[in-house]
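Below are the chains, spelled out letter by letter.
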Amino acid sequence: MNSITKIDLAQSELLKKDQQFVWHPYSSLSAPIPAYEVVSAKGVHLKLADGRELIDGMASWWCAIHGYNHPVLNAAAKDQIDKVSHVMFGGITHAPAVNLCEKLVAITPDGLDKVFLSDSGSVAVEIAIKMAFQYWISQGQPQKNKLLTLRRGYHGDTFAAMSVCDPETGMHHIFDQVVAKHHFAPAPMIGVHEPWDEEDIAEFTTIIREHKQQLAAVILEPIVQGAGGMRFYSPHYLKRVRELCDDNNVLLIADEIATGFGRSGKLFACEWAGISPDIMCLGKAITGGYMTLAATLCSAEVSRGICEGEAGCFMHGPTFMGNPLACAVANASIDLLLSSDWQANIQRIEAQLLTAVLPFNALNDVATTRVLGAIGVIEMKTPVNVAEIQKRFVAEGIWVRPFGKNVYVMPPYIISDSELEQLMSGIYRVLAN
Ligand SMILES: *Cc1c(COP(=O)(O)O)cnc(C)c1O
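Each value, and the rule that gives it
Residues numbered from 1 in each chain as written. Predicted model: local features only at pLDDT ≥ 70, side-chain atom pairs only at ≥ 80, totals over all residues. Heavy atoms only, no water. Buried < 20%, exposed > 50% of the residue type's maximum accessible area, 1.4 Å probe, protein only. Helix = DSSP H or I, 4+ residues; strand = E, 2+ residues; numbered from the N terminus. Pairing = 2+ DSSP bridges. Domains from an automatic or database assignment. Buried area = accessible area lost by both parts, 1.4 Å probe. Salt bridge = Lys/Arg side-chain N within 4 Å of Asp/Glu carboxyl O. Polar contact = N/O pair within 3.5 Å; in protein donor to acceptor, adjacent residues only side chain to side chain. Nonpolar A, V, L, I, M, F, W, Y, C, P; charged D, E, K, R; others polar. Near = heavy atom within 4 Å. Areas by Shrake-Rupley, 256 points an atom, 1.4 Å probe, with all protein chains shown as cover. Phe/Tyr/Trp six-rings, centres within 6.5 Å; stacked < 30°, edge-to-face > 60°. Lys NZ or Arg CZ within 6 Å of the ring centre and 35° of its normal. Expected span 1.5 Å × (residues − 1).

1. Quick look at the pairing of strand 5 (residues 146-150)
In terms of residue burial, strand 5 counts as a mostly covered element, since four of its five residues are buried. Inspection of the sheet shows strand 5 paired to strand 7 (residues 215-220) by four bridges, in the parallel sense. In the sheet register, Lys146 faces strand 7, and the bridge partner there is Leu215. As paired elements, strand 5 and strand 6 (residues 183-185) share three bridges and run parallel to each other. In the sheet register, Thr149 faces strand 6, and the bridge partner there is Phe184.

2. Re the domain arrangement of the protein chain
Domains assigned within the protein chain are domain 1 (36-69 + 341-432) and domain 2 (74-338). Taking the mean C-alpha position of each, domain 1 and domain 2 sit 27 Å from one another. If you sort the residues of domain 1 by the area they bury against domain 2, Trp62, Trp342 and Leu372 come out on top, with a joint share of 33%. On inspection of domain 1 and its partner domain 2, the count reaches zero salt bridges. Viewed at the interface, domain 2 and domain 1 are joined by eleven residue pairs in polar contact (both at pLDDT 80 or more). Of all the secondary structure elements, the ones that give two or more residues to the side of domain 1 that touches domain 2 are helix 2 (59-62), helix 11 (342-356), strand 13 (366-372), strand 14 (375-380) and strand 16 (406-409). For the side of domain 1 that touches domain 2, the class distribution of residues is 18 nonpolar, five polar and one charged.

3. Some details on the site of the ligand
Taken together, the neighbourhood of the ligand is formed by Trp62, Ser120, Gly121, Ser122, Tyr154, His155, Gly156, Glu221, Asp255, Ile257, Ala258 and Lys284. Ser122 has a polar side-chain atom sitting 2.6 Å from an oxygen atom of the ligand. Look at the ligand: alone it shows 380 Å² of surface, and the protein chains cover 82% of it. Looking at the shell around the ligand residue by residue, the classes come out as four nonpolar, five polar and three charged.

4. What to know about the packing of aromatic side chains
Within the structure shown, the criterion is met by eleven aromatic pairs. Centroid distance Phe159 to Phe175: 6.2 Å. Interplanar angle 80°. Geometry classified as edge-to-face. Note that Phe159 is positioned in helix 6 (residues 159-162) and Phe175 in the loop between helix 6 and strand 6, a separation of 16 residues in sequence. Classification of Phe159 as partly exposed rests on a relative accessible area of 48%. Residue classification places Phe175 among the partly exposed residues on the basis of a relative accessible area of 30%. When the ring of Trp196 is compared with that of Tyr237, the centres are 6.2 Å apart and the planes differ by 85°; the resulting orientation is edge-to-face. With a gap of 41 residues between them, Trp196 in the loop between strand 6 and helix 7 (202-211) and Tyr237 in helix 8 (residues 235-247) connect regions that are remote in the sequence. The positively charged end of Lys266 is found above the aromatic ring belonging to Trp272, 4.9 Å away from the centroid. In this structure, Lys284 packs its charged tip against the face of Trp62, placed 4.6 Å from the ring centre.

5. A closer look at unusual backbone geometry
Of note, the phi angle at Met230 is positive, near 50°, even though the residue is not glycine. Here Met230 shows up in the loop between strand 8 (224-225) and strand 9 (231-232). With a relative accessible area of 0%, Met230 lands in the buried category.

6. Things to note about helix 13 (residues 417-432)
Here helix 13 spans 22 Å end to end across 16 residues, near enough to the 22 Å set by a 1.5 Å rise per residue. Listed as buried for helix 13 are Glu419, Leu420, Leu423, Met424, Ser425, Gly426, Ile427, Val430 and Leu431.

If you want it as structure tokens, here you go:
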């Protein structure tokens, strides 16, 4: 038996078990679609069990900004694991968490002064919403228990997060009886660099004024609506949201889980509008894609409001809160980013993407293309068949995982010009044929 056959057999055995025992994201176990087995990864390359190497256009759902197997991040993890990989955070503290929280306060927009660490993006969103609700309970206004959000948004898969995801592309339809009812304004229509028209926020304005007595917070993804539609919108919209929240006594939660750490061209997308939210959620790229970690930041006013209320504390505390291993890697990842000329690098990727998407506009099946920072989107006229198109991308030596009508790339920031060229021309060949 030659070695190739051996690998094939081993792989198919593993894939058989995979399909027998393992759920994948949004997957069916009754009609499973075979997954690709990754055995290792380095830089922008994923290595499959059959020996093929793929250029990763997804950065593992936008997290692996420095690429895979980075010596600096590996060293941070190894160093910390020899000290302590986890210890409870109740009554105990440690340098990795304290240093991370200090760093996050320093680099995020002004006024975000307190940090609550948690395990994943969705949990960070749950915590943000709970902060807003508990704040108003503490202020003697428990009737302020509704949220206002934007259509085409995405905030995660847990229940409070689900309740503010887009009602059509999200899961409201199936979970109608169990998901809390909140208010939705139309998705912003004006693009990042287009002239502003107050009409774009007219309905939002009406809703916030009408329901201000019941509204605890507005929650939105600043500038980039990610998994709900891959849309970019005007900084003026965000500026107006901040003003309307102030005028109507409503808190503003910015979900920067997708945009945080440079992806949109600014370190945080709120910077596009020069605003500070009252509460901010971070996740995804926070550890450079090494481990799961998230953070919810809030203003001193929000934390004071919560802690001076009847409960006397914020009512939350995950088991793995402040995990030292994850915090140590997050510190190393953020230092690595900030010590590089990350802004020039994102501009390099943006400029190349702007040129690379042009030929797609001539394809019959393409509705439109758009680029912001290290995000490139090719929106098709109809939803793509992911399983089928995935095979063709893999045959091109690239890893791209579209959703709905969107074929998009959010590559690791370390991708070279020639790797990005290969990624985009591979996508072009698949979509053109
Ligand atoms: C991915 C994402 C989440 C959810 O994060 P998980 O880590 O998957 O729970 C929430 N909000 C936004 C904007 C995201 O992109």
